[in-house]
Amino acid sequence: EKGNFRHFMAKEMHEQPEVVAHTLAHYIDMANETVQLPTDLPFDFTKLERVSIAACGTAYYAGLIAKYWIERYARLPVEIDVASEFRYREAPLPRDGLMVVISQSGETADTLASLRYAREQGQHVMAVVNVPTSTIAREADVVMPTLAGPEIGVASTKAFTCQLATLAAVAVAAGRARGVLSADEERRLVRALVEVPRLMNEALKLGPVTETLSRAVSRVRDVLYLGRGTSFPLALEGALKLKEISYIHAEGYAAGELKHGPIALIDENMPVVVIAPYDNVFDKTMSNMQEVAARGGRIVLITDKTGAEHASLETEATLIMPDMDPAITPLVYAIPVQLLAYHTAVQMGTDVDQPRNLAKSVTVE
Ligand code: M6R
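Predicted model, so just to flag it, every value in this text is computed and none were measured.

Asker: Would you explain the sheet that holds strand S7 (residues 142-145) in this entry?
Answerer: Backbone-to-backbone hydrogen bonds pair the strands of a sheet. The strands run either parallel or antiparallel. A sheet is described by the order of its strands in space; here five strands give the open sequence S4-S3-S5-S6-S7, paired in parallel fashion. The strands lining the two open edges of the sheet, one partner per strand, are strand S4 (78-82) and S7. Sheet twist, expressed as the average angle between the axes of neighbouring strands with direction ignored, equals 20°. Pairing of strand S5 (residues 98-103) with strand S6 (residues 124-129), which is carried by six bridges, proceeds in the parallel orientation. Bridge pairing in S6 links Val 100 to Met 126.

If you want it as structure tokens, here you go:
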């Protein structure tokens, strides 16, 4: 049931504070401010050389963000592939290695095939999965449930942020086990994660601004999304979300790649959505933004108050996000990115929940 919402996607976006809180509660011991993975793991984080991740679409972007987290917080190298490549490329995998597959439906054919390949190669398989009765959940050695509840809209929203919440917990647990994070650092990260639902509620207030902005976006042919660090996968996710439901062509790029090609596209017709919380790479992203501005590009900046103060150039719109720990920005910045895609699709009059040519669960390769 859609309740008061016009589309399942809108309902599911607005459910995020609640379902992310629910998912976090599953992995966090609130009293002690520690991460507690609910399962006895059949492997030892301290003995792992490497983690492999495979997934498709939005779940793949959640995996890309997890790569940044696991490498930073656990000093554990991560390789990640889209599952349709992973399943055929015959990657050599380390003995007793860990394979993580991520899937909302738990039925995606390529992701399932990646799981089976990894098992044949003697990997421990961890599945971050939303449907507990799915094939992927059944075949994995360890299931890390995302507690998003049923997701009906074809565009994944709440499943994505619940995947991020789960993967953040895995990264912190690995970091603690490997002695990379101190108890104090763990506490800081846990406190930051616990703030996410409140911050998401704040971010959801950007609904009206993104709706206004969507009128301009609905008139263009192409949109470019840029981000650095963990905002880079979010740029990819923003572009995917926009194209799948509004049918407007969009590309996501690492901000530093701009001058290696996509800058040739910039003119006064193409909006460039820059995702740039005020973090350790903010200044770098700003200089990329200047390159866009110098070529007459139309900039939509998603940042916080400090970022807006430091961005000394004119934007077409600046969306101001609440202040937060840089560790958790992907979870919260997902919201304006989803809202912009949603409102643009509504403007275009597309079938938001059931976009053309797409299926909720891709069970054939
Ligand atoms: O069920 P899964 O998470 O395995 O699905 C993976 C992709 O098919 C899915 O994320 C797809 O990209 C969505 N439509 C994105 O919104």
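Asker: Whenever I open this one, the side chain of Ser 214 confuses me. Can you help?
Answerer: Mapped onto the elements of the fold, Ser 214 is located in helix H10 (residues 207-217). A relative accessible area of 0% places Ser 214 in the buried class. Polar contacts involving the side chain of Ser 214 include one to the main-chain carbonyl oxygen of Glu 211, which spans 2.5 Å. The residues touching Ser 214, leaving out its near neighbours within four places in the chain, are Leu 340, His 343, Thr 344 and Gln 347.

Asker: Please explain the packing of aromatic side chains as it appears in this structure.
Answerer: Applying the stated criterion to the full structure yields four aromatic pairs. Taking 5.2 Å as the distance between ring centres and 90° as the angle between the ring planes, the aromatic pair formed by Phe 43 and Phe 45 counts as edge-to-face. An angle of 50° between the planes, with centres 5.6 Å apart, marks the rings of Tyr 60 and Tyr 61 as tilted. Comparing Tyr 60 with Tyr 61, the two get one shared label, buried.

Asker: Help me out: how do you make sense of the packing of helix H3 (residues 57-74) against helix H7 (residues 158-177) in this one?
Answerer: A pair of packed helices can be characterised by two numbers: the angle between their axes and the separation between those axes. Where H3 meets H7, the axes come as close as 9 Å, and the angle between the chain directions of the two elements is 20°. It follows that H3 is roughly parallel to H7 by the angle criterion. H3 and H7 meet at a crossing whose hand is right-handed. On the side of H3, the interface is formed by Thr 58, Ala 59, Tyr 61, Ala 62, Gly 63, Ile 65, Ala 66, Trp 69, Ile 70, Tyr 73 and Ala 74, while H7 contributes Phe 160, Gln 163, Leu 164, Leu 167, Ala 168, Ala 171, Ala 174 and Gly 175. Here the residues of the contact of H3 with H7 sort into 15 nonpolar, four polar and no charged.

Asker: Which parts of the structure should I look at to understand the pattern of salt bridges?
Answerer: By the definition in use, this model includes 22 salt bridges. Arg 191 is the salt-bridge partner of Glu 33, the closest N and O atoms lying 2.9 Å from each other. Taken together, the residues Glu 33 in the loop between strand S1 (28-29) and strand S2 (34-35) and Arg 191 in helix H8 (residues 183-194) connect sequence positions 158 residues apart. The exposure class of Glu 33 is partly exposed, given its relative accessible area of 23%. Among the residues examined, Arg 191 registers a relative accessible area of 48% and is labelled partly exposed. The residue Arg 89 makes a salt bridge to Asp 81 at a minimum N-O spacing of 2.4 Å. Overall, Arg 89 belongs to the partly exposed group, its relative accessible area being 36%. Overall, Asp 81 belongs to the buried group, its relative accessible area being 15%. Connected through salt bridges with shared partners, the residues Arg 50, Glu 79, Asp 81 and Arg 89 form a single ionic network.

Each value, and the rule that gives it
- Residues numbered from 1 in each chain as written.
- Predicted model: local features only at pLDDT ≥ 70, side-chain atom pairs only at ≥ 80, totals over all residues.
- Heavy atoms only, no water.
- Pairing = 2+ DSSP bridges.
- Helix = DSSP H or I, 4+ residues; strand = E, 2+ residues; numbered from the N terminus.
- Axes fitted to C-alpha atoms, helices over the stretch in contact; angles between N-to-C directions.
- Buried < 20%, exposed > 50% of the residue type's maximum accessible area, 1.4 Å probe, protein only.
- Polar contact = N/O pair within 3.5 Å; in protein donor to acceptor, adjacent residues only side chain to side chain.
- Contact = heavy atoms within 4.5 Å.
- Phe/Tyr/Trp six-rings, centres within 6.5 Å; stacked < 30°, edge-to-face > 60°.
- Parallel < 35°, antiparallel > 145°, perpendicular 65-115°, else oblique.
- Left-handed = near helix turned anticlockwise from the far one by under 90°.
- Nonpolar A, V, L, I, M, F, W, Y, C, P; charged D, E, K, R; others polar.
- Salt bridge = Lys/Arg side-chain N within 4 Å of Asp/Glu carboxyl O.

Any link to function would need more than the numbers given here.
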